[in-house]
Each structure stands twice: as structure tokens, then as C-alpha cells.
Amino acid sequence: MIKKLPLRFMLAVVSLLWAFSAVEAAAPMTTITQLTADWQRAKEYTKEYLDVMSEEGMSYKPTPEIRSFADQMLHLAAANYNFGAMVSGKANPFQGKKLEEMNELKTKAALTKTVMDSYDFMLDAVKGLSDAQLAESVKMGQREMTREVLLAKAFEHQTHHRGQCTIYIRMKGIKPPNEKLF
């Protein structure tokens, strides 16, 4: 009986550790507070990109077959709306519209408003979640992932397209905004 007690105790401890690791693995790696701060920083950083490009530069394309500066930013905005709608379940206010084809959004003022509004939509989507909801699964087309992963993909997407705009700004002879990691 005495020899069986340590074995049972060890099995209980191992089982408990396994259970805790499973719970921890399901828990999100980030928090709503951190995501909100990151998206707010991204919004401010993107605004600096919009501010530094001239009105004439909105239609600039480094080569004819790629998006203009405005089109890059409108693509970023459309994705913010799409990702925000997926993660929150709220209706995308531009559902069914192609922002890149809306010429009325390609002036500096209209573009800036549209892009900033897309970040506000995303920020509202993030703030409307709880930390626990980050671990819940959502669908993106045929893929299923957690809200946390979906938000990470959304953040990666906007970073990618803002980064592409760095080249456009440099090719116009303008110094792009300094990087904002924090």
C-alpha cells in the first residue's frame, strides 16, 4: 500500500500538470488591452504616412501594373473593415463595395478619413471583445482560427501594405515616418 501511494501521487501530479498546460495552451497569448494599444499605434503610424504624402502623390504608382498609393491605403482600409467584421460579428459598412474603385475616396482628405475610420472600426471590434473571446474560433472563408490569430493576420496585413507605401513615399523624394514599434 505504501509503495502504491507515491505512484498514485505522481500520476495525480502529472495529470494535474497536463490539465493546466492544456488550459494554458487554449488561453490567448495577448490581451485586449495590448491589442488595443497596438491597433491605436498602427492607426497613428498610418496617419503619419497619409500626412507625409502630397495630394498629387495619392495617385502615384511606381510602375503602371501596381496599385497607386491611394489604392494601397484603400486596400488596407477594406481589409481592416473585413477583418473587423469577422472578428466582431458586426456588419462591414462597406460590404459589397470595392473601396479601390471608389474615385471619390482618392483625394487626400477623403482617403485619410476612410483609412482612419477603418482603424476606428477595428479598434471598436477589438474593444468589444473580452480576453476570453480571443480564444474562440471564427471562420475566415474555409479556414477556422481563433479571434487572436485572425487579429494577428489583420495586423500583419495592414503592416505589409503600409510598408509597401514606404517605397512610394521614398520614390517621391520624401522621408517616410520613423518606425513605431512601441
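Residues numbered from 1 in each chain as written. Predicted model: local features only at pLDDT ≥ 70, side-chain atom pairs only at ≥ 80, totals over all residues. Heavy atoms only, no water.

Participant: Kindly report on the overall build of the protein chain, identifying the contributing residues and their values.
Facilitator: Of the regular secondary structure elements, the protein chain holds 5 helices and 2 strands. Counted from the first residue to the last, the protein chain has its helices and strands arranged as α-α-α-α-β-β-α. Here the protein chain holds 182 residues, and 38% of them are scored as buried. A separation threshold of at least 6 residues defines the contact pool for the protein chain, and within that pool the share at least 24 residues apart is 76%. (Helix = DSSP H or I, 4+ residues; strand = E, 2+ residues; numbered from the N terminus. Buried < 20%, exposed > 50% of the residue type's maximum accessible area, 1.4 Å probe, protein only. Contact = heavy atoms within 4.5 Å.)

Participant: Tell me about the pattern of salt bridges, and please be specific about residues and values.
Facilitator: Taken as a whole and judged by the stated rule, the model has 9 salt bridges. Note that Glu48 is salt-bridged to Lys180, the shortest N-O span being 2.9 Å. Of this pair, Glu48 sits in helix α2 (residues 32-52) while Lys180 sits in the segment after α5 (147-171), placing them 132 residues apart in sequence. The partly exposed category is assigned to Lys180, whose relative accessible area is 26%. Between Lys106 and Asp71 there is a salt bridge whose closest N-O contact spans 2.8 Å. Taken together, the residues Lys106 in the loop between α3 (69-88) and α4 (108-127) and Asp71 in helix α3 connect sequence positions 35 residues apart. The buried category is assigned to Asp71, whose relative accessible area is 11%. (Salt bridge = Lys/Arg side-chain N within 4 Å of Asp/Glu carboxyl O.)

Participant: Tell me about α3, residues and numbers included.
Facilitator: Compared with the 28 Å implied by 1.5 Å per residue over 20 residues, the 29 Å span of α3 between its first and last C-alpha is a close match. With 15 of its 20 residues buried, α3 lies for the most part within the structure. Just past α3, the residue Gly89 takes up positive phi, approximately 85°. (Expected span 1.5 Å × (residues − 1).)

Participant: Any chance you could break down α2 for me, citing the residues and the numbers?
Facilitator: Since there are 3.6 residues in each turn of an α-helix, residues three or four apart along the chain are aligned in direction. Between its first and last C-alpha atoms α2 spans 30 Å; for 21 residues at 1.5 Å apiece the expected length is 30 Å, and the two agree. The set of residues buried in α2 consists of Ile32, Leu35, Thr36, Asp38, Trp39, Arg41, Ala42, Lys43, Tyr45, Thr46, Tyr49 and Leu50. Its buried side turned inward, α2 meets α3, α4 and α5.

Participant: Can you break down the environment of Phe69 residue by residue, with the values?
Facilitator: By the element assignment, Phe69 lies in helix α3. According to the relative accessible area criterion, Phe69 is buried, its value standing at 0%. Placed 16 residues apart in sequence, Phe69 and Met53 show a C-alpha to C-alpha distance of 8.7 Å. Not counting residues up to four positions away in its chain, the partners in contact with Phe69 are Tyr49, Leu50, Met53, Gly57, Met58, Tyr60, Leu111, Cys165, Tyr168 and Ile169.

Participant: I'd like to hear about the packing of α3 against α4, residue by residue, with values.
Facilitator: Contact geometry for α3 and α4: axes closest at 9 Å, N-to-C directions at 20°. Our classification of the angle between α3 and α4 gives roughly parallel. Here α3 runs over α4; the crossing is left-handed. (Axes fitted to C-alpha atoms, helices over the stretch in contact; angles between N-to-C directions. Parallel < 35°, antiparallel > 145°, perpendicular 65-115°, else oblique. Left-handed = near helix turned anticlockwise from the far one by under 90°.)

Participant: Account for the packing of aromatic side chains, with residues named and values stated.
Facilitator: Within the structure shown, the criterion is met by 6 aromatic pairs. A centroid spacing of 5.0 Å and a plane angle of 55° characterise the contact between Tyr81 and Phe94, whose relative ring orientation is tilted. Of this pair, Tyr81 sits in helix α3 while Phe94 sits in the loop between α3 and α4; the two residues are 13 residues apart in sequence, bridging distant segments of the chain. Here a set of aromatic residues connected by ring pairs shows up, and it is made of Trp39, Tyr119 and Phe155. (Phe/Tyr/Trp six-rings, centres within 6.5 Å; stacked < 30°, edge-to-face > 60°.)

Participant: Give a description of the environment of Tyr60 that names residues and reports values.
Facilitator: Tracing the sequence through the fold places Tyr60 in the loop between α2 and α3. For the pair formed by Tyr60 and Met171, sequence separation is 111 residues and the distance between their alpha carbons is 9.4 Å. When near neighbours in sequence (up to four residues on either side) are disregarded, Tyr60 contacts Arg67, Ser68, Phe69, Tyr168, Met171 and Lys172.

No statement about biological role is implied by the geometric values presented.
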